[in-house]
Amino acid sequence: MTRYERFVVFMIIFSLAGELQLGLSHDSIQHIITYRFFNQLKSGIPKSCRGKAFYTYDSFINATKAKGFAGFGTTGTLVVRKRELAAFFAHVAHETENLCYVEEIYRGIYCEPSKGWPCKNGNRYFGRGPLQLTWNSNYGAAGKYLGLPLLNDPGLVAQKPDIAFKTSIWYWMVKSKCHSAMTSLRGEGFAGTIRAINGGECKGGLPGAVQDRVNLYRKVCLLLGVSTGPNLYC
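Note that the structure is a prediction, hence the values are computed from the model and not measured. (Residues numbered from 1 in each chain as written. Predicted model: local features only at pLDDT ≥ 70, side-chain atom pairs only at ≥ 80, totals over all residues. Heavy atoms only, no water.)

A.B. asks: I'd like a description of the overall build of the protein chain, backed by residues and values.
C.D. replies: Along its length, the protein chain carries 11 helices and zero strands. Residues counted as buried form 47% of the 234 residues belonging to the protein chain. Here the contacts in the protein chain between residues at least 6 apart in sequence split such that 63% fall between residues at least 24 apart. Working note: accessible area of the protein chain is about 12300 Å², and carbon and sulfur atoms make up 56% of it. (Helix = DSSP H or I, 4+ residues; strand = E, 2+ residues; numbered from the N terminus. Buried < 20%, exposed > 50% of the residue type's maximum accessible area, 1.4 Å probe, protein only. Contact = heavy atoms within 4.5 Å. Areas by Shrake-Rupley, 256 points an atom, 1.4 Å probe, with all protein chains shown as cover.)

A.B. asks: Outline helix H10 (residues 189–198), listing residues and values.
C.D. replies: Among the 10 residues of H10, seven are classified as buried, and the element is accordingly described as predominantly covered. By the burial criterion, the buried members of H10 are Gly189, Phe190, Ala191, Gly192, Thr193, Ile194 and Ile197. In the core, the buried residues of H10 are packed alongside helix H6 (78–96), helix H8 (161–175), helix H9 (178–183) and helix H11 (207–224).

A.B. asks: Before we move on, could you go through the nonpolar core and cite the residues and values that matter?
C.D. replies: With 59 residues, the main nonpolar core has Ile33, Phe60, Phe72, Phe88, Trp172 and Tyr217 as its most contacted residues. Excluding residues within four positions of it along the chain, Phe72 makes contact with Ile29, Phe60, Thr64, Glu84, Leu85, Phe88, Ile169, Trp172, Met173 and His179. (Core = buried A, V, L, I, M, F, W, Y, C linked by side-chain atoms within 4.5 Å.)

A.B. asks: So what about H11? Which residues, and what values?
C.D. replies: The terminal C-alpha atoms of H11, which comprises 18 residues, lie 26 Å apart, in line with the 26 Å expected from a rise of 1.5 Å per residue. Listing the buried residues of H11 in full gives Ala209, Val210, Arg213, Val214, Leu216, Tyr217, Val220, Cys221 and Leu224. All buried residues of H11 project into a common sector of 165° when viewed along the axis, lining one side. Projecting away from the buried face of H11 at angles above 90 degrees are the exposed residues Pro207, Gly208 and Leu222. The elements touched by buried residues of H11 are helix H2 (29–32), helix H3 (35–41), H6, H9 and H10. Positioned one or two residues after H11, Gly225 has a phi angle of 70°, which is positive. (Expected span 1.5 Å × (residues − 1). Arc of directions from axis to C-beta.)

A.B. asks: Explain the pattern of salt bridges to me, and be specific about the residues and the numbers.
C.D. replies: Under the criterion given, the structure shown has six salt bridges. Close ionic contact of Glu103 with Arg107 constitutes a salt bridge, the shortest N to O distance being 2.9 Å. For Arg107, a relative accessible area of 45% gives the class partly exposed. A salt bridge links Arg195 to Glu188; the nearest nitrogen and oxygen atoms lie 2.8 Å apart. Look at Glu188 and you get partly exposed, because its relative accessible area is 38%. (Salt bridge = Lys/Arg side-chain N within 4 Å of Asp/Glu carboxyl O.)

A.B. asks: Break down the state of the cysteines for me, citing the residues and quoting the values.
C.D. replies: Evaluation of the coordinates by the stated rule reveals three disulfides. A disulfide bridge connects Cys111 with Cys119, and the sulfur atoms are separated by 1.9 Å. Given an S-S torsion of about 120°, the disulfide between Cys111 and Cys119 has right-handed geometry. Cys202 shares a disulfide with Cys234; S-S distance 2.1 Å. Between Cys202 and Cys234 the sulfur-sulfur dihedral comes to about -95°; the bridge is accordingly left-handed. You can see Cys202 sitting in the loop between H10 and H11 and its partner Cys234 sitting in the segment after H11, a full 32 residues away along the chain. Take the cysteines of the protein chain that form disulfides and number them in order along the sequence; they join up as 1-2, 3-4, 5-6. (Disulfide = S-S within 2.5 Å.)

A.B. asks: Describe the packing of H6 against H11, naming the residues involved and giving the relevant values.
C.D. replies: Contact pair H6 / H11: the axes reach a minimum separation of 8 Å and the direction vectors enclose 135°. For the element pair H6 / H11, the angle class is oblique. For the element pair H6 and H11, the recorded crossing hand is right-handed. Counting all contacts with H6, which are made through Lys82, Arg83, Ala86, Ala87, Ala90, His91, Ala93, His94 and Glu95, the residues of H11 involved are Ala209, Asp212, Arg213, Leu216, Tyr217, Val220, Cys221 and Leu224. (Axes fitted to C-alpha atoms, helices over the stretch in contact; angles between N-to-C directions. Parallel < 35°, antiparallel > 145°, perpendicular 65-115°, else oblique. Left-handed = near helix turned anticlockwise from the far one by under 90°.)

What is shown is where atoms sit, not what they do.
This is the structure we're talking about:
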């Protein structure tokens, strides 16, 4: 073994030892989404952005550990896991302008008739959180799943970052087919996640928005050192 080869082996062992000391493994989300990566996503936004201080790395990691989210960012090969997390953060970047916004600028009522989740107390169910949870039915269903009174108090999503990330992961894993689009053998790829999050943009609906999502996905994939895979446009 040459001196260079011994050095490479040493660095690999040193790196793995550091991950073990931190309690990380190659299957953990922290191994892919690091503290440095997370803060790099919002490094270019101004200090005036509320999301710069609101969205934290710890709040994201804590949300991923919530009951009911097994498989998020940990399903399949390392390539598959990286692509799913890249897709998630690409949509987060699009919806919040790189983690700048916590609440939607246009604060509409977003109340639709629903027997199961009727609007409460004149609340407005506009977009909040990393994926901008919207509509009373989504607040109600997410609240039930997470054990939170989101139908009665939708503002909780914009008050506590852990809750904000939990609602977005709930939408990704439970409400929509985003997770399966990125992880299943017959998944629809990134295009499927666009259809799941805002299908109205597809088929020429809002080509500029679709292009922005795709550009962000490519950027995040590059940061994570993974190819995009097929099926980018919906």
